[in-house]
Amino acid sequence: MKRFIFITSILCLFFLGILFFSYIPFNNDRWLEADDPFQTHLDYLDDVFLPGEDIVLAFRLQDSFFNESIMTQFLTFKETVNNLDSVLSIMSPLDATVILDQDDSLIIEPYHDALIEGHFSTLTEYQQHFEASMYHHHLLSSDLKTVALVITIDNEGTILERNIRRRDVLSFVYNTIESFPMLSDYALTGNSYVDYYMNQITRSDLYLLLPISIVLVLLFLGLIFRDFLKVMMIASSVFFSLLICLGVIYLVNGFLSIVMVVLPLLIVVIAVADSVHILTRWAQVKSHHDHAETAIQSTFGHIWKACLLTSITTAIGFGSFYFSDMLPLKRLGLASFFTIPLTYGVVMGLMYVWMMMFKDRLFSSKFYPSLKPSLPNFVVQKFDFIQRFHKVIVFSLFTLCAFAIFGLQSVNFETNFLDVFFKKSSKIQQDTRLIDTVFKGSSQLSVIVQSSEPDYFKSIDVFNYVVKFSQKISEHPYVNSVQSYSDPVSMFHKELAFDSSLFPLTEDQLNQELLFLEFSRNDEKSDVLSDYIDFDYSNSHILIKTDNLSSGYINELIQYVHHIATTFFGANYFITGTSQLIDVLGTYVLNTHFVSLFFSMFIIWIIMIYFYGLSLATIGLFANASPIILILGLINWLGIPFDFATVLIGSICFGICVDDTIHFLHVYYTQAELKKPMEVRIKHALRNLTNPVTYTTILLCVGFGVFYLSDIVLLTKFGLFSILSFCIALVMDLFFLPALLIFFKHNSKVS
């Protein structure tokens, strides 16, 4: 009866966990802390000049946009979407603002209103006027067959509310387009769509990869143990650990991000690895005892410390991300720091309960690991070779690490946002390339010029500075266009036709033209100033449009903009926007990579010194640093840019790879306390640990290997290089670690 209640409780909690999991929202909006100065600048830009978030639709048409039937369908679609409550505004060739001279008076209105009111006599006149405007190539391609529709939606509210709003608007857009055959060929981009797409791909990847990982791991366990009870014991540890993991993520983070997806899969592998070590130790211990209970107590007495140390080191490897300036990594570090030790408690507690409940069944059962005893015997047989050539092995390892470190002196950091997360063949990449090719680019860099004086930007001298600054920035090869409040002023000035000048020549002219444009602010449909100037004319926004550039090009452009802006505006400006965010993240990636790696190495080294002494701890540290050094060196030698994936690989793989080394050193150290010779200690450790460390390595490769199936480039690279790290770490533990022990013991006076 007790067994039935226990198993039923586990199943109920599992299904409750699945239900809870379905309610955790996904979010990838924020990359920086709210008080980070770069995030503060971004928030200022959004609040003052560019409220809301954009969905950019680019329709590829069969004929010119100015074809009457196409324009009619486009207008109907636009007005249908504009009726949604979540939509703040829409910009298109029909909504762009035009200034016209009618009967000796100037009027300002959207192009479509001008067409309806008869201010354009024909579509040809409308076309000619639009092609001469500042909106051409921004909203309509040069061949007039690709038209842009920019939908700005509300971005206020909670994460869940924003996600629902994006989903509803995009679902409505998808469904509505089906009714307009002339608009069936389209591309999608914009910050709102990218965030939505990332959330969706994160959700689909987790829903796909997590079950695949669990199934593959359980199948492998079935092959190892050939015992349904043992597999169920491990499965229950996995499910409970996952439940704890999701609960901690929800409490710490409130949502799952594209980076946080790593943690649930890691917990699966950790729970399985600890369970495997317990069962393999049980198989070794029970033959030395007459009673099941004493055998169980002896098993946990032998294994608890090593498993605790491995949990601590893994928690440190992940937890080191808490010191990152990037918010997703910081939250991953915090959630990991609590989840991994709790997983240790869950595994130890559940496995103990299972074994006590089924002690007689387990005590009488045989252990059928498919790799025993051939693999341990093979490794032990190779020990003579290791003894004979330990110097060659150690110096070869030193040489490889030296080459890898030398290569790391010139690393290439890649933080092109789309390239980091999305494959080149993905639709979002293809759509972004279309926007870059047809229009004036998909990325932006914003310069905010500030003053404490109201009406500062009404000065003709300041206006001319803005004009000259824009012209100078336009000369840079990476810049597609520069927009500022000088553009609507120029548009109005040309309609006045006082002279052939493009801009007002006196302060009176400037103020008269600004006064007229201010009236447009009373009508949101024709407001042409709000994107570039605030209400009291003390702050100005200059928008620089570029293609989707890589971090190196962005940094080069930002340095150029800083140089020019300092010349014109002194220190009274700051740079922000999506491109600036990418550049900042590149710097933070570099800082996080080295800080987290060295922090985790140092703390783990101190812990190992406490338990195993300075000599063994230093040897173990080098044995585990080597796989990471070799992998990072390989990445750099292959010309693969460093990005978020390499940040994860460094600290996480070190925290995981050290686990098997700790088990090895623990057995070696225990044998040392029995005063056994060094060769006997090493052979004993190899004989007893070859199977479990091989099993856990395979499990790690299976668990992390599923990331290779992901549609997210970051996870694919992380999965691939993690597998290489684990395989190198296995070779290091079974062959190089014994060689290091022999080498340093032969050259040390310490027994």
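See above for the structure.
Counting of residues starts from 1 at the beginning of each chain's written sequence and follows it residue by residue. With pLDDT at 70 or above as the cut-off, local features in this predicted model cover only qualifying residues; side-chain atom pairs require 80 or more to be listed or tallied, and sums for whole chains, interfaces and linings still use all residues. Hydrogens and waters are ignored; side-chain quantities use all the structure's heavy atoms.

Undergrad: Describe the overall build of the chain, listing the residues and the values that go with them.
TA: Looking only at helices and strands, one finds 25 helices and 10 strands in the chain. Taken over the C-alpha atoms alone, the chain extends approximately 110 × 60 × 45 Å along its principal axes. By definition in these notes, contact holds between two residues if any of their heavy atoms fall within 4.5 Å. Nonlocal contacts in the chain, meaning residues at least 24 apart in sequence, comprise 79% of its contacts between residues at least 6 apart. Accessible surface is estimated by sampling points in the Shrake-Rupley manner with a 1.4 Å probe; for residues, cover comes only from the protein chains shown. Only carbon and sulfur atoms are counted for the fraction: they give 60% of the accessible area of the chain, which is about 31,000 Å². In the chain, 45 positive and 69 negative side-chain charges are present, and the distance between their average locations comes to 26 Å. Each helix corresponds to a stretch of at least 4 residues labelled H or I by DSSP, and each strand to a stretch of at least 2 residues labelled E; elements are numbered beginning at the N terminus. Under the convention used here, Asp and Glu are negative, Lys and Arg are positive, and both His and the chain ends fall outside the count. To locate a charge, the coordinates of NZ of Lys, CZ of Arg, CG of Asp or CD of Glu are taken.

Undergrad: With reference to specific residues and values, describe the pattern of salt bridges.
TA: For this document, the term salt bridge refers to a Lys or Arg side-chain nitrogen within 4 Å of an Asp or Glu carboxyl oxygen. For the structure shown, the criterion picks out 14 salt bridges. Here K424 makes a salt bridge to D419, at a shortest N to O gap of 3.2 Å. Shared partners join several salt bridges into a network, and the residues in it are E53, R166 and D195.

Undergrad: Before we move on, could you go through the packing of helix α21 (residues 551–569) against helix α22 (residues 578–637) and cite the residues and values that matter?
TA: Their axes nearest at 9 Å, the elements α21 and α22 cross at an angle of 110 degrees. When the axis of α21 is compared with that of α22, the two are roughly perpendicular. Both α21 and α22 take part in a crossing whose hand is left-handed. On the side of α21, the interface is formed by S551, I554, N555 and I558, while α22 contributes S579, Q580, I582 and D583. Each residue gets one label: Ala, Val, Leu, Ile, Met, Phe, Trp, Tyr, Cys and Pro are nonpolar, Asp, Glu, Lys and Arg are charged, and the others, such as Gly, are polar. The class makeup of the residues in the contact of α21 with α22 is 3 nonpolar, 4 polar and 1 charged. In this description, a line fitted to the C-alpha atoms serves as the axis of each element, helices being fitted only across the stretch in contact, and the angle between N-to-C directions of two axes falls anywhere from 0 to 180 degrees. Angular relationships are summarised with four words: roughly parallel below 35 degrees, roughly antiparallel beyond 145, roughly perpendicular across 65 to 115, and oblique for the angles in between. Handedness of a crossing follows from how the near helix is turned relative to the far one, being left-handed for an anticlockwise turn of less than a right angle and right-handed for a clockwise one.

Undergrad: Hey, could you go over empty space enclosed by the protein for me, with residue numbers and the actual values?
TA: Computed over the protein atoms alone on a 1 Å grid, cavities are sets of points where a 1.4 Å probe fits but cannot get out and pockets are open sets with protein on both sides within 12 Å along at least five of seven lines; a residue lines them when it has an atom within 4 Å of a point. Grid points are joined across faces, edges and corners, and a volume is the space filled by probe spheres set on the points. Evaluated as defined, the whole model comprises 6 cavities of 30 Å³ or more. Taken together, 15 residues make up the lining of the largest cavity; nearest its centre are I270, A273, D274, I656 and D659. Looking at the lining of the largest cavity, the elements with two or more residues in it are α9 (262–285), α10 (292–319), α23 (644–673) and α24 (678–705). Ranked by residues supplied to the lining of the largest cavity, first place goes to α9 with 6 residues. Looking at the lining of the largest cavity, its residues break down into 6 nonpolar, 6 polar and 3 charged.

Undergrad: Any chance you could break down α21 for me, citing the residues and the numbers?
TA: Multiplying one less than the number of residues by 1.5 Å gives the expected span of a helix. Compared with an ideal rise of 1.5 Å per residue, which puts 19 residues at 27 Å, α21 spans 25 Å between its outermost C-alpha atoms and is within 8% of the ideal. Taken together, the buried positions of α21 are occupied by S551, I554, L557, I558, V561, I564, A565 and F569. Each buried residue of α21 sits inside an arc of 150 degrees when the element is viewed along its axis, so together they form one side. Exposed residues pointing more than 90 degrees away from the buried face of α21 are listed as G552, H563 and T567. Check the buried side of α21 and you find it contacts β7 (443–450), α18 (460–474), β8 (479–483), β9 (539–546), β10 (573–576) and α22. Positive phi appears at G570, one or two residues downstream of α21, with a value of about 65 degrees. Partly exposed describes any residue whose relative accessible area lies between the buried limit of under 20% and the exposed limit of over 50%, with all areas from a 1.4 Å probe on protein chains only and scaled to the type maximum. Note that the arc is computed from the directions linking the helix axis to the C-beta atoms.

Undergrad: So what's going on with the nonpolar core? Residues and values would help.
TA: Buried Ala, Val, Leu, Ile, Met, Phe, Trp, Tyr and Cys residues that are joined via side-chain atoms within 4.5 Å together make up what is termed a nonpolar core. Core analysis: the largest hydrophobic core is formed by 244 residues, its most contacted members being L57, F59, F65, F77, I151, F421 and L648. Top element by residues in this core is α22. It accounts for 24 residues. With residues up to four places along the chain from it excluded, the contact list for L57 reads F77, V147, A148, L149, I151, V173, I177, Y186, A187 and L188.

Undergrad: Now, about the sheet that holds strand β6 (residues 186–189): what can you tell me, with residues and values included?
TA: Whether two strands pair depends on DSSP finding at least two bridges between them. Spatially, the 4 strands line up as an open sheet ordered β2-β5-β1-β6, and their pairing is antiparallel. Sheet topology places β2 (87–91) and β6 at the edges, where each strand pairs with a single neighbour. Averaged over all pairs of adjacent strands, the angle between strand axes in this sheet comes to 20 degrees, irrespective of strand direction. The pairing of β2 with strand β5 (residues 146–153) spans 4 bridges and is antiparallel. Following the sheet pairing, V87 is matched in β5 by I153.

Undergrad: If you had to explain the packing of helix α7 (residues 191–225) against α24 to someone new, which residues and values would you point to?
TA: Closest axis-to-axis distance for the α7/α24 pair is 9 Å, and the angle between their directions is 155 degrees. If you check the angle between α7 and α24, you find them roughly antiparallel. The handedness of the crossing between α7 and α24 comes out as right-handed. Facing S213, L216, V217, F220, L221 and I224 of α7, the residues of α24 in contact are Y695, I698, L699, V702 and G703.

Undergrad: Give me the layout of surface pockets: which residues, what numbers.
TA: Estimates place the volume of the second largest pocket at around 460 Å³. Around the second largest pocket, the lining is made up of 21 residues, and of these M134, D487, S490, K494 and F503 lie nearest the centre. When contributions to the lining of the second largest pocket are tallied by element, the ones reaching two or more residues are α18, β8 and α19 (486–496). Take the lining of the second largest pocket: its biggest share by element is 6 residues, from α19. Looking at side-chain class alone, the lining of the second largest pocket contains 9 nonpolar, 9 polar and 3 charged residues.

Undergrad: Describe the side chain of N199, with residues and values.
TA: Mapped onto the secondary structure, N199 falls in helix α7. Every residue in contact with N199, bar those within four places of it in the chain, is listed here: F26, N27, N28, N163 and R166.

Undergrad: Could you give an account of the packing of aromatic side chains, naming the residues involved and the relevant values?
TA: When two rings of Phe, Tyr or Trp (its six-membered ring) have centres within 6.5 Å they constitute a pair, described as stacked for plane angles under 30 degrees, edge-to-face for angles over 60, and tilted for the intermediate range. Counted by the stated rule, this structure contains 45 aromatic pairs. Plain terms: the ring middles of Y111 and Y126 are 5.3 Å apart, the flat faces sit at 25 degrees to each other, and that makes the pair stacked. Here Y126 lies in helix α5 (residues 123–131) and Y111 lies in helix α4 (residues 111–116), a separation of 15 residues in the sequence. Y126 carries the same exposure label as Y111, and that label is buried. Here the aromatic rings of Y322 and F323 are separated by 5.9 Å at their centres, their planes lie at 80 degrees, and the arrangement is edge-to-face.

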